[in-house]
Amino acid sequence: MTAAVLDHPVTATTLVDRRPPLTRLVGLEIRKILSTRSGLALAGTAAVAPAAVTALMLALADPPPGSATLLALLGALVALLMVAIGVLSTAGEWTHGTVQTTFLAVPRRSRVLAAKYAGTALLGAVVATVVVASTLAVAALGTGPGFSWAGTGVAIAATIGAGAALTVVGAGIGAAVGNAPAALTGTYLVLLVAINILNGAKPVWGKHVDPLSAVFDLVEGDAAVRPIAVLTGWVLATAVAGVLVTRRRAVS
Amino acid sequence: MITVTGLTKRYADRTVVDDVSFTLEPGTVTGFLGPNGAGKTTTLRMITGLVPPSSGQALVDGRRWVDLPNPSALAGVLLDAGAVHPGRTGRTHLAILAATLGVPVRRVDELLDQVGLGPAGRRRIRGYSLGMRQRLGIAAALLADPALLILDEPANGLDPEGIRWMRDLLRGHAGRGGTVLLSSHLLGEVEHTVDRLVVIGAGRIVADGPIGSLLAGDGVRVRTLDPAGLSASLQAAGLTVTDADGVLAVPGATAEQVGRIAAAGGHVLTDLRRADRGLEDLFFQLTA
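Residues numbered from 1 in each chain as written. Chains lettered and ligands numbered in written order. Predicted model: local features only at pLDDT ≥ 70, side-chain atom pairs only at ≥ 80, totals over all residues.

Moving on to the sheet that holds strand E1 (residues 2–11) of chain B. Residue and element names in this part refer to chain B. Taken in spatial order, the three strands of this open sheet run E2-E1-E4, and their pairing is antiparallel. Each of the sheet's edge strands pairs with one partner strand only, and the pair in question is strand E2 (14–24) and strand E4 (55–60). Each strand of the sheet is rotated relative to its neighbour by a mean of 20°, with strand direction disregarded. Note: E1 against E2, seven bridges, orientation antiparallel. The residue bridging Tyr11 from the neighbouring strand is Arg14, located in E2. Along the sheet face, helix H1 (residues 40–47) touches E1, E2 and E4 and points at about 120° away from the line of E1. (Pairing = 2+ DSSP bridges. Helix = DSSP H or I, 4+ residues; strand = E, 2+ residues; numbered from the N terminus. Axes fitted to C-alpha atoms, helices over the stretch in contact; angles between N-to-C directions. Contact = placed C-beta atoms within 7 Å.)

Right, dumping it as structure tokens:
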């Protein structure tokens, strides 16, 4: 440790009255996610793995699925990883205690969450764009002229939108639960078990709450209004729950 | 700089902080003392907006923490050195905070060097010792060279060199006109660092004032080559004397009174001082 040689009078710096702009906070939230091995691994896996899965599907399936079906399958798969990225961006801060530093620096919690939602949505859209690009590149290289490209435009837009939406859903759940292992376990139990049970027992109800089916249907171009309504409902419900709970929760 | 008024925190039927009020002025180091569970940390968290108070308020520079546009540029806070992501490097942790506050990134490297974490700054925090995490937390608190420092047990895990460095830092900060609120259970360290004490026990303020007046005891203590003879002279002058291993305690007397009586009786004095209490005695007396 070196001696503190400061001798100037302590005065409030000009920074004191400069509220950090929201754009800066959004960038920092993305940086936070990518500055940890878990966040980087999840984002990397979500971006890279689909190319390998696409190659495998094209090699094994006969006839090979069209581009929209490929993106629908991979989009639903990637959505599960995007939820995890979102959960870690919010609940991870509570689990590690870094939420203390975050809220000391930016005490308006709804502002922090707005930045987290925007940052995770942006990251989700970027990862989904990489997924789309790698999947379609593999499909273009690995298939012949008989390959179906029908509905590719809609599928691209839907995959990117769904990637952004599911990441925000994860961030909202993480903010509401405030504990990463509990939020991840609970989310996957709901998405993979509870909703599947509902789908088996009451398929009509399941269609109106299952976000993974909504992603699949939207990307494949089977429907638009219902899947968009389902995903919007999940985004709004989880984001609002995250804000309401976070604003009241004490940082201990 | 900080004005705390009637701050209270209740959890169901349990009151952990009860009507706490105090004011901190620039240019002072104030020790915030209390036993475990007395409400120190909860009070600090209410001041910094992390825990909502049940009633009362805390103002920093005239505003609630939540109303400050960039609070960490005004007040550097270290509450829990463990509140860091173990997977980030120390440098990344500071760089993210610096970017949030609008502090240039070169300040991060300056501070890492200043707290002795220069080369370690590029290592992941999970490999840091408690003392290293503490130094990282101190560096984070100092990032914007804030006017106010709020530190909860900052000496935890620091070696003697680090503790002396921190004492110099805090005294230097107050000397430059800054304000320091220091919570610590290292009473000896507090005694040598602070100007003022706020003592909390069972959620209530039990003492608040300059450390000199709080530690000032009643009477004098005197050593002499002939304790029995001096004791007899003092008692003959109407004073009460107790002898503890050759040290005479004379409650209610001044040093001048005792010195005059000793001189008149031809007693050689080897020590004569005000009967100050140690901080430890005061602490246990107030918080028992």
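When pLDDT is averaged along chain B, the result is 91; 100% of the residues meet or exceed 70. The ipTM, which scores confidence in the relative placement of chains, is 0.87 for this predicted complex, and the corresponding pTM is 0.87. (pLDDT = per-residue confidence, 0-100.)

This next bit is on the sheet that holds strand E7 (residues 179–183) of chain B. Hydrogen bonds between backbone atoms are what pair the strands of a sheet, whose relative direction is either parallel or antiparallel. Residues and elements named next belong to chain B. Strands sit in the order E5-E6-E7-E3-E8-E9 across an open sheet of six strands; the sheet is mixed. Each edge of the open sheet is held by one strand with a lone partner, namely strand E5 (75–78) and strand E9 (204–210). Between one strand axis and the next, the sheet turns by 10° as a mean value, whatever way the strands run. The pairing of strand E8 (residues 196–201) with E9 spans six bridges and is classified as antiparallel. Bridging from a neighbouring strand, Val198 pairs with Asp208 of E9. Strand contacts of H1: strand E3 (29–33), strand E6 (148–152), E7 and E8, with the helix running at about 145° to E6, the strand carrying the most contacts. Lying over the sheet, helix H6 (residues 160–175) contacts E3, E6 and E7, oriented at roughly 145° with respect to E7.

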